[in-house]
Amino acid sequence: MDTISDFLTRNVNNIIPGKSELENALRGSRKIKAYLGIDPTSTNIHLGHAVPLRKLQSLLDLGHQVVFLIGDFTTLVGDNSDKESERPILTEEQIASNFATYQAQASKFLDFSRVEVVHNSSWLKNLTFGQVVKLCQAFTLNDYIGREIMKKKLNSGTSIRLDELLYPIMQGYDSYYLDADLQIGGPDQTFNMQAGRTLQKKLRNKDAFVMSVDYLPGTDGRKMSKSWGNAVWLTDSPNDVFGKVMSINDDLIIPYFKFGTNLTIEKITDYDLALKSGENPMDIKKDLALQITSELHSRQDAFSAKTYFEATIQNKETPADIPDYVLTGKDDLKVLTILVERKLASSSSEARRLITQGGVKLDGQTISDYKSEVHPGVLSVGSRKFLRLIA
RNA sequence: GCCGGGAUGGUGGAGCGGUCAAUCACACCUGACUGUAAAUCAGGCGCCUUAGGCUACGUAGGUUCGAAUCCUGCUCCCGGCACCA
């Protein structure tokens, strides 16, 4: 499968107006201009966010132009039904610093030296009311009402603020202003992205493309999200990445290969066949974890993470590299004190519980009494937390 | 503007004067099992110097021997009606 076919199919939810049209454009001689918009509040990204970034990189590799848009103006308006997403007004400095953080992580997937970065406030804030009215004329309420979310809100009586309706228009104008040929985003962005098509069509009679990509499921199978605690973050240590990948359900192995790695489809198909032929999923999952960790860190880190995982988690050995705690000989001889002080437990009640339930060990011996004192050795909580006590 | 409903732990959601640190579910943690997991099973899940104590049920007061539960003010949500260029 060549790069273009891979680009058009892998992890793709939908292409508007159609796959073959986009394929023709990509195979043609003209360079196309693609863009991805991000929220200026984004700082940390997870493996799921990497999906569109990989798409952009493929386009770069194919010789096309990529624009990265920071939605610093669009962030002024938002969905008022979701109290979580209260939108703070950010200063220029904050936006810049957020993006620097973001970029540092996103660079693992995308070569920013070949990407143009723009802020949509630079054009949106200068629009006059008259121009906004003109833009609004390209849309109808009917379009909005047809949307599933709007229907739901209307039926349930949830109020919808009018600025919410402006959101797609602003985003659409971005596409028009950039004269973009293709916009990439998640499946939830389809409507907003289509607004770009609408404007491009009406204002300059151009047929722009929209590609929505699918999400990578979280480690528990639900959508990968910050609040679920099921995300693999790009800032996670190699050991964490490896461990998190190993903790996924077997059913997610192939989806993770597809969404979370740059391996070719052919290679992934081989893994799929191996799985179906009865090979131990654990071994394949290790290859997966190795691959993902390599891409996020390095080949070397990945191998040592694998070693760490096999020793610590599978063979329940004490890892070599664990923090020290120097016993001074007084109050800190108490297990409780140490557990709390070194954050192995969040409170002393918590620490007491862990001990009562047999989760705390000293040199492999379960500590059964929370009042007991401690001697030099290795203290462990559960199978992942360790502390070396030294005299 | 009028009328009515509501605000409880990480989340949803019980409780409606004492037996409430608060049913239950989800999330989470520990243990068992296993191929690391997942699934399943068992236990736990405010804090502390734990046969006890302390702080909590939007917020500020009040009634009461006693309140998450009753009353009042405030803040914020939500629904119905009216009005509407």
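Parameters and conventions
- Residues numbered from 1 in each chain as written.
- Chains lettered and ligands numbered in written order.
- Predicted model: local features only at pLDDT ≥ 70, side-chain atom pairs only at ≥ 80, totals over all residues.
- UniProt positions renumbered as here; feature names shortened; annotations may be inferred.
- Helix = DSSP H or I, 4+ residues; strand = E, 2+ residues; numbered from the N terminus.
- Expected span 1.5 Å × (residues − 1).
- Buried ≥ 20, exposed ≤ 12 C-beta atoms within 10 Å, placed from the backbone.
- Contact = placed C-beta atoms within 7 Å.
- Pairing = 2+ DSSP bridges.
- Right-handed = clockwise from strand over helix to strand, strands pointing away.
- Domains from an automatic or database assignment.
- Core = buried A, V, L, I, M, F, W, Y, C linked by C-beta atoms within 7 Å.

The name an unreviewed UniProt entry assigns to chain A is Tyrosine--tRNA ligase, from the organism Candidatus Amesbacteria bacterium RIFOXYB1_FULL_44_23. For chain A, the Sequence similarities (unreviewed entry) comment in UniProt is given as "Belongs to the class-I aminoacyl-tRNA synthetase family." According to the UniProt record, the Catalytic activity (unreviewed entry) comment for chain A is "tRNA(Tyr) + L-tyrosine + ATP = L-tyrosyl-tRNA(Tyr) + AMP + diphosphate + H(+)".

## Things to note about helix α3 (residues 50-61)
Relative to the 16 Å expected for 12 residues at 1.5 Å per residue, α3 spans 16 Å between its end C-alpha atoms, a close match to the ideal helical length. Of the positions making up α3, those classed as buried are Ala50, Val51, Pro52, Leu53, Arg54, Lys55, Leu56, Ser58 and Leu59. Two residues or fewer after α3 comes glycine 63, characterised by a positive phi angle close to 90 degrees.

## Structural notes on the environment of aspartate 207
Along the chain, aspartate 207 turns up in the loop between α10 (190-204) and β6 (209-213). Note on aspartate 207: 12 C-beta atoms within 10 Å, which makes it exposed. Sequence-wise, aspartate 207 and isoleucine 248 are 41 residues apart; in three dimensions their C-alpha atoms are separated by 41 Å. If we skip the residues at most four places from it in the chain, aspartate 207 touches Pro17 and Lys201.

## What to know about the environment of glutamine 94
Position of glutamine 94 among the secondary structure elements: in helix α4 (residues 92-106). Placed 53 residues apart in sequence, glutamine 94 and threonine 41 show a C-alpha to C-alpha distance of 8.6 Å.

## So, the pairing of strand β3 (residues 65-70)
As paired elements, strand β2 (residues 33-38) and β3 share six bridges and run parallel to each other. The partner of glycine 37 across the bridge, within β3, is leucine 69. Assessed by its sense of winding, the connection that carries the chain from β2 through α3 to β3 is right-handed. Pairing geometry for β3 and strand β4 (residues 115-119), over five bridges, is parallel. Within β4, the position partnered with leucine 69 by the bridge is valine 118.

## Observations concerning the domain arrangement of chain A
Segmentation of chain A into domains returns domain 1 (3-213), domain 2 (238-314) and domain 3 (324-390). The C-alpha-based centres of domain 2 and domain 3 are spaced at 33 Å.

## A few points about the nonpolar core
With 53 residues, the main nonpolar core has Ala34, Leu56, Val245 and Tyr256 as its most contacted residues. Ranked by residue count, the leading element in this core is α3, at five residues. Counting contributing residues, this core receives three or more from each of domain 1 (3-213) and domain 2 (238-314). Those residues within four positions of alanine 34 in sequence are excluded, and the remaining contacts are Leu56, Leu59, His64, Val66, Ala180, Asp181, Leu182 and Ile184. Within the second largest apolar cluster, 14 residues are counted, among which are Ile338, Ala345, Ala351 and Ile355.

## Brief notes about the UniProt feature "domain: RNA-binding S4" (unreviewed entry) in chain A
As recorded in UniProt, the sites labelled "domain: RNA-binding S4" (unreviewed entry) are residues 337-377. This span, residues 337-377, is 34% helix and 15% strand, and a straight line between its end C-alpha atoms measures 16 Å.

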